[in-house]
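Report on the structure
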Amino acid sequence: MFDFSELRLPVIAAPMAGGPSTPELVAAVASAGGTGFLAAGYKTPETLREQIERLRGEVPVFGVNLFVPGPPSDRAEEVAAYLAELRGEAERYAAKLPQPDPADRDRFEEKLDLLEREPVPIVSFTFGPPPEEVVRRLHRVGTHVVASVTTVDEALHAERNGADTLTVQGTEAGGHRATFHPDTPDDEVSTLELLVRVRAATELPLLAAGGISDGIDIANALRAGATAVQLGTAFLRCPEAGTNGPHKDALIDPRFAETAVTRAFSGRNARGLRNRFIAEHDAIAPAAYPEVNQLTKPLRAAAAAQADQDGLALWAGTGYREAGDDPAGRIATRLWEEAGSPVPGDFARN
């Protein structure tokens, strides 16, 4: 079974659902000596299979990330109120708001069947611990299982369920918080602090995620106990990423001066560039995923078609100003050279 300590470059391209993660991005970072994840979230099993096949034989190791479906939110009244709130946005973008489906599971079971039938080296999970039976199924086919966690309790839960490695996500991370429950608030614990806490609670290998944008960040994460680091925002502007043009441009636009954690776009807390949509709708957005995500999907698509950055989910971590437009492999190599080859665990022991 795969071991992250075997990577020549302990640098991982994070799964970024909705477009930025592509087979080309994963292949570029893997070819430089690291690895990466395809984001299965929002994709059909057919599209996921096609992307997996494009990577097989091209790179030695890669992973797939799945969203763990939770129970329906049971917040129909709040969702209905938010639908009413968004009617003005629908008029603005000439878009039609759908009727949300709280039972939507993103075809999780079909994707899991695919990954059992046609195994990949690594499968990671976000939005919940991988269930024990799921872990057993993947272990039977030789797959290394990773769970994304944001607290010590979540880390211990994932360990009990059989996860092989933990992705430790601090508050600085861009995109969705990996919390097990949609209504869990952002506790604002930094990646380094969370690494130290989780390292003290478990012997499982740890991947650091959140706010890692330069070599110093990588060195500090490895010294705090991480085996490797997972970067998303750092790759958003590279040519291999599938990030749309308005999103790429916003990362270097001085008009977008800060990030914010919001439920306005999906019903789950996620960090992105603060824009008009967040300012106007964050306060009323319910903790209801996937319903809120379904409601805003046509709005986001229309905003993208109109290149209106104020209507987009501009996911980004706190280090977004450091995101460059070099090829992904060059970014990964440069960051590791800047890190100076630190020894994992030094910081945690001091």
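All of these numbers come straight from a predicted model, not from anything done at the bench.

Grouped together as the largest cluster of nonpolar side chains are 73 residues, with contacts concentrated most on Leu166, Ile218, Val229 and Phe235. Top contributing element to this core by residue count: helix H13 (residues 328-339), with 6 residues. Both domains that furnish three or more residues to this core are identified here as domain 1 (4-70 + 105-241 + 324-340) and domain 2 (75-104 + 257-313). With sequence-adjacent residues up to four places away left out, Phe235 is seen in contact with Val11, Ile12, Ala13, Leu25, Val29, Ala241, Ala328, Ile331 and Ala332. Membership of the second largest hydrophobic core comes to 24 residues, among which are Leu38, Ile52, Leu66 and Phe108.

Let us look at the environment of Arg274. If you trace the backbone, Arg274 turns up in the loop between strand E11 (270-273) and helix H11 (276-281). Exposure remark for Arg274: the relative accessible area of 39% places this residue in the partly exposed category. Linking Arg274 and Phe256, residues 18 residues apart in sequence, is a C-alpha distance of 6.6 Å. Not counting residues up to four positions away in its chain, the partners in contact with Arg274 are Phe256, Glu258, Thr259 and Ala260. Here Glu258 takes part through its side chain, which lies 3.0 Å from a polar atom of the side chain of Arg274.

Turning our attention to the sheet that holds E11. In space, the 3 strands of this open sheet follow the order E7-E11-E10, with antiparallel pairing throughout. Across the chains shown, the open sheet's two edge strands, defined by having one partner strand only, are strand E7 (175-176) and strand E10 (259-262). Both E7 and E11 contribute to a ladder of 2 bridges, which runs antiparallel. Bridge pairing links His176 to Ala270 in E11.

What follows covers the pattern of salt bridges. Applying the stated criterion to the full structure yields 23 salt bridges. Glu133 is the salt-bridge partner of Arg140, the closest N and O atoms lying 3.5 Å from each other. Assessed through its relative accessible area of 58%, Arg140 is described here as exposed. Arg276 is the salt-bridge partner of Glu280, the closest N and O atoms lying 2.9 Å from each other.

With that settled, the discussion passes to the environment of Gly225. Its place among the elements puts Gly225 in the loop between helix H9 (215-223) and strand E9 (228-231). As a C-alpha pair, Gly225 and Pro239 span 14 residues in sequence and 31 Å in three-dimensional space.

Right, let's talk about the packing of aromatic side chains for a bit. Applying the stated criterion to the full structure yields 7 aromatic pairs. Taken together, the ring pairs in this structure connect Tyr42, Phe67, Phe127 and Tyr289 into an aromatic cluster. Over the ring of Phe127 we find Arg268, and its NZ or CZ is 4.0 Å from the ring centre. For the cation-ring pair, Arg268 lies above Tyr289, with the distance from its terminal atom to the ring centre recorded as 5.9 Å.

Working note: α-helix, 3.6 residues per turn, so residues spaced by three or four point in the same direction. Counted at 1.5 Å a residue, the expected span for H13 with its 12 residues is 16 Å, and the 17 Å between its end C-alpha atoms agrees. Inspection of H13 places Ala328, Gly329, Ile331, Ala332, Leu335, Trp336 and Ala339 among the buried residues, and these make up the whole buried set. Taken around the axis of H13, the buried residues stretch over an arc of 165°, which confines them to a single face. More than 90 degrees from the buried face of H13, the exposed residues found are Arg330 and Glu337. Structurally, H13 contributes buried residues whose contacts are with strand E1 (11-13), helix H1 (23-31), H9 and E9. A positive phi of about 75° marks Gly340, the residue just after H13.

Our focus in this paragraph is the domain arrangement of the protein chain. Assigned domains within the protein chain: domain 1 (4-70 + 105-241 + 324-340) and domain 2 (75-104 + 257-313). Counting residues at the interface gives 20 residues for domain 1, matched by 14 residues for domain 2. Here domain 1 and domain 2 share an interface that buries about 1300 Å² over both sides, 44% of which is from carbon and sulfur atoms. Contact with domain 2 buries surface across domain 1, with Arg105, His176 and Pro182 losing the most and accounting together for 37% of the total. Residues Asp186 and Arg271 are paired through a salt bridge, measuring 3.8 Å at the closest nitrogen-oxygen approach. Remark: the boundary between domain 1 and domain 2 carries 8 residue pairs in polar contact (both at pLDDT 80 or more). A per-class count over the side of domain 1 that touches domain 2 returns 7 nonpolar, 7 polar and 6 charged.

Rules and cut-offs
Residues numbered from 1 in each chain as written. Predicted model: local features only at pLDDT ≥ 70, side-chain atom pairs only at ≥ 80, totals over all residues. Heavy atoms only, no water. Core = buried A, V, L, I, M, F, W, Y, C linked by side-chain atoms within 4.5 Å. Buried < 20%, exposed > 50% of the residue type's maximum accessible area, 1.4 Å probe, protein only. Helix = DSSP H or I, 4+ residues; strand = E, 2+ residues; numbered from the N terminus. Domains from an automatic or database assignment. Contact = heavy atoms within 4.5 Å. Polar contact = N/O pair within 3.5 Å; in protein donor to acceptor, adjacent residues only side chain to side chain. Pairing = 2+ DSSP bridges. Salt bridge = Lys/Arg side-chain N within 4 Å of Asp/Glu carboxyl O. Phe/Tyr/Trp six-rings, centres within 6.5 Å; stacked < 30°, edge-to-face > 60°. Lys NZ or Arg CZ within 6 Å of the ring centre and 35° of its normal. Expected span 1.5 Å × (residues − 1). Arc of directions from axis to C-beta. Buried area = accessible area lost by both parts, 1.4 Å probe. Nonpolar A, V, L, I, M, F, W, Y, C, P; charged D, E, K, R; others polar.

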